[in-house]
Amino acid sequence: MSRVKRVLIVGSGIGGATAAYALRKVGVDVHSIDIKPDTPTAGSGICLLHNAMRALDSLGLAEPCLDSGFHFNAFRQFNSAGELLQTNPAPPSCGIPRPELARILETAAAGAGAILEKGLTIEYLKDRGDCVEVRFSDGREGIYDLVVAADGAYSKLREQVFGVDCGPRFAGQSVWRFNAPRPDQVDAFCLYRSASGRTVGSFPTSKDSCYIFFLENSQEPLRIPEGEAHLLIRERLAEYTAPTIRESLELVTDAKQIIFRPLDITLVPAPWHLGRVVLLGDAAHAPTPHMTSGGGMAIEDAVVLAECVASTNSAREALEAYSDRRYDRVKTIYDASMQLCRYEQGDAIGNRERSSALLLQTYQYLGQPI
Ligand SMILES: Cc1cc2nc3c(=O)[nH]c(=O)nc-3n(C[C@H](O)[C@H](O)[C@H](O)COP(=O)(O)OP(=O)(O)OC[C@H]3O[C@@H](n4cnc5c(N)ncnc54)[C@H](O)[C@@H]3O)c2cc1C
């Protein structure tokens, strides 16, 4: 396989948009497409841990994130009344609204010369060995040296190329999320632990805003009746008297303010390429969110893929090196996230110390070079 000069990236989420910028920076022609008609303008927040910020910094993108987001470096635990139980140092992280992160990544990619198109997907793909032929949903055709499947956990492209066996499965929890004005107390990664074993989490996403989440156990994925999510979350969090939680919940007056979804996970075995199609981000590995690391792993994937492409004249060597460098690290984070998820599904109160210890230990692991 010859050198990679022209790449199609399918999906311009966190992984795809970072890859578009990173590959442009090493001189590759990038065509990025996304099925959604526009860059998202609404959504929850995301915590970019130290490793994600380090990877963004290597591309010169950490600063704009810090400018828009909120820097913090502590992990605090409270009871359901909002009394502080414990503070641990945590690695320097940045909380940021997802739409803001998307804007930063896409602006950087477009500014570097990547062609970004929205409302577009692929209808047909044929790997010819020396190139990939593609037909788009608008009837146009294209030829690329490499196609990156960055179309998320439910990746259609992965299904088409790698088969259905790699698809996601339910992890036994669902997540309720909403944005709120930031109370002074939320100046770090905060977990509010209730006496019944529930945990509500929150972190700042800017100096004025924060993001609140609650994970709920269930055997099967929960189905929430339309229009009722705002009422149901109040019932579930009734035992929380912490002003931070109560006052935030009072502002949730419409079901549309709640972003609810079951947690579906997948880890595709290495290698993550078949011929000239390569998986990146959640398409390759969607962990549970307990380590707040799926987006960070996608960003690291993008940085490593660009480095591998730039360091060899052979597409095959580049793709082999990419999976080799990524798989074990991603699996460690995937396993730790799943273990934290299991702790909450078991004896949640008895597991709290184990859970905090694993979180802090995995933060340290994340600091290792990629
Ligand atoms: C509740 C929750 C909380 C989380 N919190 C954090 C956190 O705090 N920190 C963190 O690092 N990670 C977090 N994550 C994980 C993080 O959101 C994901 O790992 C990250 O979004 C993956 O990025 P991606 O680009 O691979 O996929 P996505 O963000 O899913 O992007 C995929 C893109 O592909 C597009 N697409 C889909 N299908 C097609 C198609 N057929 N054709 C073209 N385009 C298509 C979509 O429109 C989308 O834009 C969390 C996840 C969840 C569920």
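Definitions and cut-offs
- Residues numbered from 1 in each chain as written.
- Predicted model: local features only at pLDDT ≥ 70, side-chain atom pairs only at ≥ 80, totals over all residues.
- Heavy atoms only, no water.
- Helix = DSSP H or I, 4+ residues; strand = E, 2+ residues; numbered from the N terminus.
- Buried < 20%, exposed > 50% of the residue type's maximum accessible area, 1.4 Å probe, protein only.
- Contact = heavy atoms within 4.5 Å.
- Pairing = 2+ DSSP bridges.
- Salt bridge = Lys/Arg side-chain N within 4 Å of Asp/Glu carboxyl O.
- Near = heavy atom within 4 Å.
- Polar contact = N/O pair within 3.5 Å; in protein donor to acceptor, adjacent residues only side chain to side chain.
- Nonpolar A, V, L, I, M, F, W, Y, C, P; charged D, E, K, R; others polar.
- Patch = residues over 30% accessible without salt bridge, like charges linked within 9 Å, V, L, I, M, F, W, Y side chains within 5 Å.
- Areas by Shrake-Rupley, 256 points an atom, 1.4 Å probe, with all protein chains shown as cover.
- Lys, Arg positive; Asp, Glu negative; His and termini not counted.
- Charge placed at Lys NZ, Arg CZ, Asp CG, Glu CD.
- Axes fitted to C-alpha atoms, helices over the stretch in contact; angles between N-to-C directions.
- Left-handed = near helix turned anticlockwise from the far one by under 90°.
- Phe/Tyr/Trp six-rings, centres within 6.5 Å; stacked < 30°, edge-to-face > 60°.
- Lys NZ or Arg CZ within 6 Å of the ring centre and 35° of its normal.

A.B. asks: How would you summarise the overall build of the chain if you had to cite specific residues and measurements?
C.D. replies: For the chain, the helix and strand inventory stands at 10 helices and 18 strands. Each principal axis of the C-alpha atoms in the chain carries an extent, and together these give about 60 × 40 × 35 Å. Classification of the 370 residues of the chain by burial places 57% in the buried group. Put simply, 71% of the contacts in the chain that link residues at least 6 apart link residues at least 24 apart.

A.B. asks: An account of the pairing of strand 12 (residues 189–193) is requested, with residue identities and associated values reported.
C.D. replies: Buried residues dominate strand 12, accounting for five of its five residues. Note: strand 4 (residues 70–79) against strand 12, five bridges, orientation parallel. Bridge assignment links Gln-77 to a residue of strand 12, and that residue is Leu-191. Alignment of strand 12 against strand 13 (residues 199–204), held across four bridges, turns out to be antiparallel. The residue of strand 13 that forms the bridge with Cys-190 is Ser-202. Hairpin connection of strand 12 to strand 13: five residues between the antiparallel strands, including Gly-197 at a positive phi of 105 degrees.

A.B. asks: Quick rundown of the pattern of salt bridges? Include the residues and the values.
C.D. replies: Close approach of charged atoms allows side chains with opposite charge to pair. Here the structure, examined in full by the defined rule, presents 15 salt bridges. Note that Glu-133 and Arg-128 form a salt bridge whose closest N and O atoms lie 2.5 Å from each other. Its relative accessible area of 45% is what places Arg-128 among the partly exposed residues. Of the charged contacts, one joins Asp-208 and Lys-207 as a salt bridge, the two residues approaching to 3.5 Å between their closest N and O atoms. This pair shows no difference in class: Asp-208 is exposed, exactly as Lys-207 is. Among the ionic contacts, a cluster of salt bridges with common partners joins Glu-300, Asp-301, Arg-326 and Arg-329.

A.B. asks: Please provide a residue-by-residue account of the environment of Leu-279, values included.
C.D. replies: Tracing the sequence through the fold places Leu-279 in strand 17 (residues 277–279). For the pair formed by Leu-279 and Ser-32, sequence separation is 247 residues and the distance between their alpha carbons is 14 Å. Residues within four places of Leu-279 in sequence aside, it is in contact with Ala-149, Arg-158, Phe-162, Val-268, Trp-272, Ala-284 and Tyr-322.

A.B. asks: Before we move on, can you summarise unusual backbone geometry with the specific residues and values?
C.D. replies: For the peptide bond that leads from Ala-270 to Pro-271, omega is 0 degrees, which places it in the cis range. Here Pro-271 shows up in the loop between strand 15 (259–267) and strand 16 (273–274). Residue Thr-292 is not a glycine yet carries a positive backbone phi of 40 degrees. Here Thr-292 is to be found in the loop between strand 18 (285–286) and helix 8 (294–310). Residue Thr-292 is classed as buried on the basis of its relative accessible area, which comes to 18%.

A.B. asks: I'd like to hear about the site of the ligand, residue by residue, with values.
C.D. replies: Around the ligand, the surrounding shell holds 29 residues, and the nearest of these are Gly-15, Asp-34, Arg-98, Thr-121 and Asp-282. Within the contact set of the ligand, an oxygen atom lies 3.1 Å away from a backbone nitrogen or oxygen of Ile-14. Between the ligand and Arg-98 there is a distance of 2.8 Å, counted from an oxygen atom to a side-chain nitrogen or oxygen. Elements with a contribution of two residues or more to the shell around the ligand: helix 1 (14–25), strand 3 (45–48), strand 11 (169–181) and helix 8. Residue classes in the shell around the ligand are distributed as 10 nonpolar, 12 polar and seven charged.

A.B. asks: Account for a negative patch on the surface, naming residues and giving values.
C.D. replies: Residues Glu-317, Glu-320, Asp-324 and Asp-328 make up a contiguous surface patch of negative charge. Within the element layout of this structure, Asp-324 appears in helix 9 (residues 315–345). Here Asp-324 falls in the exposed class, since its relative accessible area comes to 63%.

A.B. asks: Can you explain the packing of helix 2 (residues 50–58) against helix 8? Please cite residues and give values.
C.D. replies: Axis separation between helix 2 and helix 8 bottoms out at 9 Å; the angle between their running directions is 30 degrees. The interaxial crossing formed by helix 2 with helix 8 has left-handed handedness. The segment helix 2 lies against helix 8, with Asn-51, Ala-52, Arg-54, Ala-55, Leu-56 and Ser-58 engaging Gly-296, Met-297, Ile-299, Glu-300 and Val-303. For the contact of helix 2 with helix 8, the residue count by class is six nonpolar, three polar and two charged.

A.B. asks: Hey, could you go over the packing of aromatic side chains for me, with residue numbers and the actual values?
C.D. replies: Applying the stated criterion across every chain, the model contains 11 aromatic pairs. Each ring, one from Phe-75 and one from Phe-189, has its centre 6.1 Å from the other, and the planes form 55 degrees; the classification is tilted. Of this pair, Phe-75 sits in strand 4 while Phe-189 is found in strand 12, placing the two residues 114 residues apart along the sequence. Consider the rings of Phe-136 and Tyr-144, whose centres lie 6.5 Å apart with planes at 90 degrees: the pair is edge-to-face. The same class applies to Phe-136 and to Tyr-144, which are both buried. Grouping aromatic residues by their ring pairs yields a cluster made of Phe-72, Phe-75, Phe-189, Phe-203, Tyr-211 and Phe-213. The side chain of Arg-140 reaches across the aromatic face of Phe-136, ending 5.9 Å from its centre.

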